[in-house]
Amino acid sequence: MKLIILNDYDEASEWAAKYIRNKILLFKPGPNKYLTLGLPTGSTPLGCYKKLIEYYKNGEISFQYVKTFNMDEYVGLPRDHPESYHSFMWNNFFKHIDIRAENTHILDGNAADLQAECEAFEEKITAAGGIELFVGGIGPDGHIAFNEPGSSLVSRTRVKTLARDTIMANARFFDGDLAKVPTMALTVGVGTVMDAKEVMIIITGAHKAFALYKAIEEGVNHMWTVSAFQQHPRTVFVCDEDATLELRVKTVKYFKGETVYKSFTSSLFFVKNCCP
Amino acid sequence: MPSNNSVSAAPITQFINCRILRDHRLQREDLWVRDGRILDPEKLFFDELGYADEKVDCENSIIAPGFIDIQINGGYGIDFSKPSDDVDAGVSFVAKKILEHGVTSFCPTLVTSPPEVYHKVLPQITVRDGGAHGAGVLGFHLEGPFISAEKKGAHPEQFLRTFQPGGFQDLMETYGSLDGVAMVTLAPELSGSHAVVRELCQRGIKVSLGHSVADLSQAEEAVQHGASCITHLFNAMQPFHHRDPGIVGLLTSDKIAAGRTVFYGMIADGIHTNPAALRIAHRAHPSGLVLVTDAITAMGLPPGRHTLGQQVIEIQGLHAYVAGTKTLSGSIATMDMCVRHFRLASGCKVEEALEAASLHPAQALGISHRKGRLDYGLDADLVMLDDSLNIKATYISGQEVWRKGA
């Protein structure tokens with residue numbers, strides 16, 4: 001893995017956004033060659049989305065030939081509910097850029113047959129040629145998407161019951177009322193994300209520090225599902241100082257020593273030449 | 001980029017780079033329009049996989065719902081109360097000119113007139129949508145003749161009437177027909193008014209109290225029977241008194257049923273109401289304030305003498321008097337002037353000033369499900385303004401109908 005440590009949330013967001021931007025530029029997507037991205041929701045990627053919108057508005061990139069697959073969506077929440085992931089993606093990303101609706105894919109938590117919806121989602125990913133870069137976050141309990149502790153590390157897109165930790169973490173979006181928080185969600189599996197050519201996990205804040213420690217300094221364990229990416233050939237963890245608080249000094253020094261990462265991300269040279 | 005034709009072939013316009021008035025605040029959001037209505041872009045994206053055919057760069061302008069004037073007697077030499085054979089031409093002429101002031105819908109107002117005039121004028125105008133031809137006509141506002149002699153203002157005394165002996169029947173005979181009437185101003189202290197108020201309300205016509213010497217309890221009774229508005233607050237009514245606030249007391253009355261709002265017209269031209277009085281009213285009951293022009297024939301014309309109803313008036317600067325007196329005859333301020341003046345005099349937020357000219361009149365007329373807001377599904381009647389609230393462009397049903405400098 002590569003562990004990129006930036007000073008704060010804003011720097012981490014910018015680094016991640018530049019990584020995606022450079023990916024688009026290098027890939028040179030066109031009508032016969034779409035770039036597929038996996039996308040997350042939540043507070044962590046907000047800064048990254050803001051920067052990407054800025055790069056689009058500056059004319060640096062276009063999302064016309066980019067396809068996106070979101071990680072998850074709540075079950076039973078109306079699509080136009082302000083807390084649905086459809087609303088999140090529309091308000092925080094899609095409405096500000098030039099992406100076409102037919103190139104975006106978000107699981108439908110109100111589908112009549114949820115299982116069929118999940119299977120169809122997997123088929124759509126396959127039909128799009130697989131995911132080039134899957135961007136994700138990490139929960140305080142080390143989960144990726146809604147693959148809660150105990151999820152199979154080879155799981156596929158399916159319906160999941162949310163863990164209590166997750167429901168409590170989400171309550172702040174539902175007026176602090178636990179009764180209003182959805183209890184189930186559709187989510188891509190750990191295996192689904194592992195299939196991507198490349199994975200980038202953004203982790204910021206001290207409250208995620210323990211999960212990061214479990215994910216990269218301990219073994220691969222289904223109780224901390226992000227640890228599965230230790231077995232992915234190309235994973236980048238982008239974090240801020242606070243997120244490293246539970247790591248060994250040795251680990252942090254090792255990855256910080258590679259200062260070459262920070263200076264090169266602004267140029268295409270890095271992406272082309274420094275990725276194994 | 002073409003829009004998706006599966007739901008509608010109508011072109012979609014996206015107003016970008018603007019601040020829109022929505023949910024009582026100015027927000028940095030794009031405004032989407034299709035088929036003359038405000039469109040929900042999120043539904044368009046996810047349901048129809050659609051996008052805009054045309055983008056209009058608003059250059060950081062403010063977009064507000066089009067202004068609605070519920071009391072305007074004429075302008076540019078046109079007098080709505082004058083019984084000509086082609087009233088339509090006059091109304092249409094004014095309708096076109098007021099687009100420049102940001103007015104997208106209005107209620108042509110008739111002052112106290114003899115029955116022959118109502119019988120001649122009323123049938124000539126129908127309620128109609130606005131467009132490039134001019135602002136939409138929402139219906140007549142009949143101010144009089146069932147008003148108080150003592151508070152007649154500029155209205156001709158010889159044509160005032162009471163509800164005796166026939167009540168509503170007398171009203172019908174006076175007006176001839178109530179088709180196309182949106183609002184009636186009357187004095188509730190007139191005997192027999194309660195039944196008339198009820199009957200008008202039952203027919204969907206808004207009753208406004210004005211040109212009256214009613215005390216507060218008479219005004220409250222009228223509201224209980226259905227009256228919901230006050231005509232040009234402070235003018236042509238008993239002055240506020242601390243032991244009998246009169247009609248003005250409705251602003252803070254505790255006898256108004258829950259869920260009902262009493263709306264009050266304010267002529268914020270700097271002349272009809274002292275700014276301190278304007279502020280008192282606004283602070284007492286901000287959500288009921290409706291800006292009206294009460295504009296007369298002379299609005300838009302140079303100084304001099306002109307006709308209003310059955311009388312002659314005289315323009316001196318920004319003042320219009322009954323000729324030979326110091327009685328105010330109506331205003332010659334335009335709606336956008338009123339919005340700017342109101343904001344300055346009251347110190348209110350931009351959002352409040354704009355809502356006083358759009359949302360509140362729409363609510364007063366009971367049409368806020370169609371106009372007065374920039375919410376999805378409502379008519380795309382818009383006004384584009386700069387930060388000083390000068391009008392840059394006016395739109396009706398999503399089509400540009402006036403642009404400054406065009």
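Worth saying up front: this structure is predicted, and the values here are computed from it rather than measured.

(A) Spatial organisation of the packing of helix α3 (residues 85-92) of chain A against helix α1 (residues 41-48) of chain B. Close contact between α3 of chain A and α1 of chain B brings their axes to 11 Å; oriented N to C, the two are set at 115°. The hand of the α3 of chain A/α1 of chain B crossing is right-handed. Only Pro 41, Glu 42, Phe 45 and Phe 46 of chain B of α1 of chain B make contact with α3 of chain A, whose side of the interface consists of His 86, Ser 87 and Trp 90 of chain A. The class makeup of the residues in the contact of α3 of chain A with α1 of chain B is four nonpolar, two polar and one charged.

(B) Examining the UniProt feature "active site" (unreviewed entry) in chain B more closely. UniProt marks Asp 294 of chain B with the feature "active site" (unreviewed entry), using the numbering shown here. Residues in contact with Asp 294 of chain B, not counting those within four places in the same chain, are Gln 71, Asn 73, His 232, Ile 267, Gly 330 and Ser 331 of chain B.

(C) How the structure looks around the nonpolar core. Of all hydrophobic cores here, the largest spans 90 residues; its most connected members are Phe 67, Phe 106, Leu 186, Leu 200, Leu 250 and Leu 354 of chain B. The residues that make up this core include at least three from each of domain 1 (12-64 + 374-403) and domain 2 (66-365) of chain B. Of all hydrophobic cores here, the second largest spans 39 residues; its members include Leu 3, Ile 131, Leu 186 and Ala 215 of chain A.

(D) The arrangement of the UniProt feature "binding site: substrate" (unreviewed entry) in chain B in detail. Residues and elements named next belong to chain B. The UniProt record annotates "binding site: substrate" (unreviewed entry) at Ala 154, Asn 235, Ala 236, Arg 243, His 272, Leu 328, Ser 329 and Gly 330. On the basis of their most widely separated C-alpha atoms, the annotated residues across 177 residues do not gather in one place, lying as much as 29.6 Å apart. Summarising the element assignment, Arg 243 is placed in the loop between β14 (229-230) and β15 (263-266). What makes Arg 243 exposed here is its relative accessible area of 68%.

(E) Structural detail: the environment of Asp 175 of chain A. Structurally, Asp 175 of chain A can be placed in the loop between α5 (164-170) and β8 (184-187). Of the polar contacts made by the side chain of Asp 175 of chain A, one reaches the side chain of Lys 180 of chain A; its length is 3.3 Å.

(F) Examining the UniProt feature "domain: Glucosamine/galactosamine-6-phosphate isomerase" (unreviewed entry) in chain A more closely. UniProt records the feature "domain: Glucosamine/galactosamine-6-phosphate isomerase" (unreviewed entry) at residues 32-232 of chain A, using the numbering of this structure. Helix makes up 27% of residues 32-232 of chain A and strand 16%. Its end C-alpha atoms lie 28 Å apart.

(G) Spotlight on the side chain of Glu 355 of chain B. Residue and element names in this part refer to chain B. Here Glu 355 shows up in helix α9 (residues 350-357). Despite its burial, Glu 355 pairs with no opposite charge, the nearest such side chain being Lys 349 at 8.3 Å. Apart from residues no more than four positions distant in its own chain, Glu 355 is found in contact with Leu 21, His 24, His 360 and Pro 361.

(H) Seen up close, the confidence of the model for chain B. The predicted model of chain B has a mean per-residue pLDDT of 94, with 98% of residues at 70 or higher. Here the complex is predicted with pTM 0.90, and the ipTM for its interfaces comes to 0.89.

(I) Examining the interface of chain A and chain B more closely. Of the residues lining the interface, twelve residues belong to chain A; the matching set on chain B comes to ten residues. Summing the contributions of chain A and of chain B, the shared interface buries around 1,200 Å²; its carbon and sulfur component is 62%. Together, Arg 79, Trp 90 and Ala 101 of chain A form the three largest contributors to the area buried by chain A at its contact with chain B, with a combined 50%. At the junction of chain A with chain B, the criterion picks out two salt bridges. A salt bridge links Asp 47 of chain B to Arg 79 of chain A; the nearest nitrogen and oxygen atoms lie 2.7 Å apart. Our count for the contact surface shared by chain A and chain B stands at four residue pairs in polar contact (both at pLDDT 80 or more). For the side of chain A that touches chain B, the leading source of residues is α3 of chain A, giving three residues. Among the residues forming the side of chain A that touches chain B, the class breakdown is five nonpolar, three polar and four charged.

So, how was this worked out
Per chain, residue numbering runs from 1 following the sequence as it is written. By the order in which they are written, chains take letters starting at A while ligands take numbers starting at 1. pLDDT decides what is reported in this predicted model: residues at 70 or higher carry local features, side-chain atom pairs at 80 or more are listed and counted, and totals for whole chains, interfaces and linings draw on all residues regardless. As a rule here, side-chain values come from all non-hydrogen atoms in the structure, and water together with hydrogens is ignored. All axes here are fitted lines through C-alpha atoms, helices being fitted over the stretch that makes contact, and every angle between N-to-C directions spans 0 to 180 degrees. Labels follow the DSSP assignment, with helices taken as runs of H or I lasting at least four residues and strands as runs of E lasting at least two, numbered in each case from the N terminus. Here a crossing is taken to be left-handed if its near helix is turned anticlockwise relative to the far helix by less than a right angle, and right-handed if that turn runs clockwise. Residues are treated as being in contact if the distance between any of their heavy atoms lies within 4.5 Å. Note on residue classes: Ala, Val, Leu, Ile, Met, Phe, Trp, Tyr, Cys and Pro are nonpolar, Asp, Glu, Lys and Arg are charged, and everything else, Gly too, is polar. UniProt positions are given in the numbering used here, feature names are shortened, and annotations may be inferred rather than shown by experiment. Side-chain atoms within 4.5 Å are what join buried Ala, Val, Leu, Ile, Met, Phe, Trp, Tyr and Cys residues into a set we call a nonpolar core. The cut-offs for exposure are 20% and 50% of the maximum accessible area for each residue type, with area from a 1.4 Å probe on protein chains only; residues under the lower value are buried, those over the upper are exposed, and the others partly exposed. Segmentation into domains, and thus their bounds, comes from an automatic or database assignment. The term polar contact refers here to a pair of N or O atoms within 3.5 Å; inside protein, the definition further demands a hydrogen-donor-capable atom paired with an acceptor-capable atom, and it admits residues adjacent in sequence only when both atoms are side-chain atoms. Residues scored as positive are Lys and Arg, those scored as negative are Asp and Glu, and His as well as the terminal groups of each chain are ignored. Whenever Lys or Arg places a side-chain nitrogen within 4 Å of a carboxyl oxygen from Asp or Glu, that contact is recorded as a salt bridge. The predictor reports its confidence for every residue as pLDDT, a score running from 0 up to 100. Put simply, buried area is the surface a 1.4 Å probe can reach on two separate parts but cannot reach once they are joined, added for both.

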